[in-house]
Every structure is written in structure tokens, then in C-alpha cells.
Amino acid sequence: MTVFLRLGILLAGLLFLSTITAGLDVFAANGSRPQNDRPRTMKNTGDDSPTGLVNPKKDGGHIVDRLLQKRILSGRAQLVDVRKALGTPSVGALTNTVHALYAMRWHRGVHTILLAMWRSSEKDHLDYPELAWDLILRPATRIAVAATLNRLYPGNPEYRKYIRAHANDAHEFHRAQVAIALGLNHDPADVKYLVRLVNEENHYVIQSAITALALMDEEAARLALVGLQKKYTSDPRGQLISEVLKRAYPPIIR
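Residues numbered from 1 in each chain as written. Predicted model: local features only at pLDDT ≥ 70, side-chain atom pairs only at ≥ 80, totals over all residues. Heavy atoms only, no water.

**Quick notes on the packing of helix H9 (residues 157-165) against helix H10 (residues 172-185)**
- One can describe the packing of H9 onto H10 by two numbers: an axis separation of 9 Å at closest approach and a directional angle of 145°. Relative to H10, the crossing made by H9 is left-handed. Here H9 contributes Arg160, Ile163 and Arg164 to the contact with H10, which in turn contributes Val178, Ala181, Leu182 and Asn185.
- Taken together, the residues of the contact of H9 with H10 break down into four nonpolar, one polar and two charged. (Axes fitted to C-alpha atoms, helices over the stretch in contact; angles between N-to-C directions. Helix = DSSP H or I, 4+ residues; strand = E, 2+ residues; numbered from the N terminus. Left-handed = near helix turned anticlockwise from the far one by under 90°. Contact = heavy atoms within 4.5 Å. Nonpolar A, V, L, I, M, F, W, Y, C, P; charged D, E, K, R; others polar.)

If you want it as C-alpha cells, here you go:
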């Protein structure tokens, strides 16, 4: 089994554990996973790329990020946990956490923090000094914030407008975040764009787009995946699509 397929199956399995994007932690890679298949963690490199391979046993910050994300995903985290998680120096971990905050949509404080991150005013910076504002202001994180706010406040077109404005960004991390955001938006009109991303050559973008079509949970998205599976029968992405179809669109309920 190829590294690409192994990563994709892990992604698919994680994604369908809940209605939120629990599998977004594997999006922290820029391209395919290295052949040695080491665990991956991200360091701030000065741009939006969550790059850098670190041994997690020696990377205390990475372990803390994962523990906090699991607590948030369970919906049982405290607001102090949320604020700590949003202070990570890793843009990959930060975007994962922002998506995961949908699991805590019952907490008024989470809504307040997300709206503050979106406004990013001087007062917001003073109210939440521990947040990683330098990363929050970057497009990748703002796309994730817009995606979560769009799920919380679907009547506000501002968030979708921002997401779609980055659909053709040169940076693959931006396009991958857009893909996930559109998948969570459940609009069949975005299927054509997601199919275009699946046809790209960047593994990271491909995996994100396939996952987005699964998250969309629409018949148009299912049909698109079926067509892509046939197109890429001899390609690793075809195998990944096959696994995703089994999990996202099982025949027993179709």
C-alpha cells in the first residue's frame, strides 16, 4: 500500500468519527508523507507552510497541541484550554484547532473568541494577548476561522465571500483550507471547483479536496467522487477515493 493511500485512509477514518473535521490534523503536511513515515509536527517558518519534521517525543509543544485538540474535539474543554490551544506557534495546529472549535459551539465564550479572531481589532489583541495573532492574521488561519464562523452563522455571506476569494491562491495550504471550508459549507455549486483540485498534482491539495467532497454529503459530490474513482483507477488517488466513498457514502444507505 502506498504512503499516499495509507495517509488518505487514516484521513478518511478520522474524518467520519464525528460531524466536525477531526481528521484535519493530517492536513499539516505540504505534499506527501515522507517515506520513513515519521510522525509530523509543524514549526513556524515565516510563511503559511506548516513545515518541519520533529520527533514528537522531544517536542513538548506538539504533544500539548494534540492533547488540547482532543479535549476540544470531545466538547469538554474549558475556555482556558481553548485560549491556550490558540496560542500555539504552529500554523498547522492552529488551523486544526479552529476547525475543531465547532465541537464547542455550545460555549458562548468560544463564539466570542472566534468573532474576536475575525475582527482582530486592537481591543481584541488586548483582550486575548495569549493568542497567536501573527498567525491568526495569515490567510490560512483566517480561512479556517471563516469556515467555522460560517458553520455557526450560515446567514452571514461575509465568511463565504472571504473563503472563495482565496480559491485560486498560489499557496497550496490556502487552497487546501478553502477546499475543507467549502466541503463543510455543503453547497453543490462548489463540486466543480473541488474536482479541479483533485485533478491537481499536489498530494496535500488532492487529499483535502477528496475529503471535502466527502464532507459535503451531497449527491453531486458523491457522483463526482464516483467519476474521479473511474478516472484514476490505476492511480493512488483512485484507491483513496474508493476508501472515502465507503466511509462517506456507504451503499447501504444510498
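**Regarding the nonpolar core**
- In this structure, Leu86 and Met117 are the most contacted members of the largest nonpolar core, which totals 68 residues.
- Broken down by element, this core gets its largest block of residues, nine residues, from helix H12 (residues 203-216).
- In this view, Met117 contacts Leu86, Val98, Leu131, Trp133, Ile136, Arg142 and Val145; residues no more than four positions away in its chain are not counted. (Core = buried A, V, L, I, M, F, W, Y, C linked by side-chain atoms within 4.5 Å. Buried < 20%, exposed > 50% of the residue type's maximum accessible area, 1.4 Å probe, protein only.)

**Section: unusual backbone geometry**
- Located in the positive-phi region is His186, a residue other than glycine, with phi close to 60°.
- Its place among the elements puts His186 in the loop between H10 and helix H11 (191-198).
- Despite not being glycine, Asp217 has its phi angle at roughly 55°, a positive value.
- Mapped onto the fold, Asp217 is located in the loop between H12 and helix H13 (219-231).

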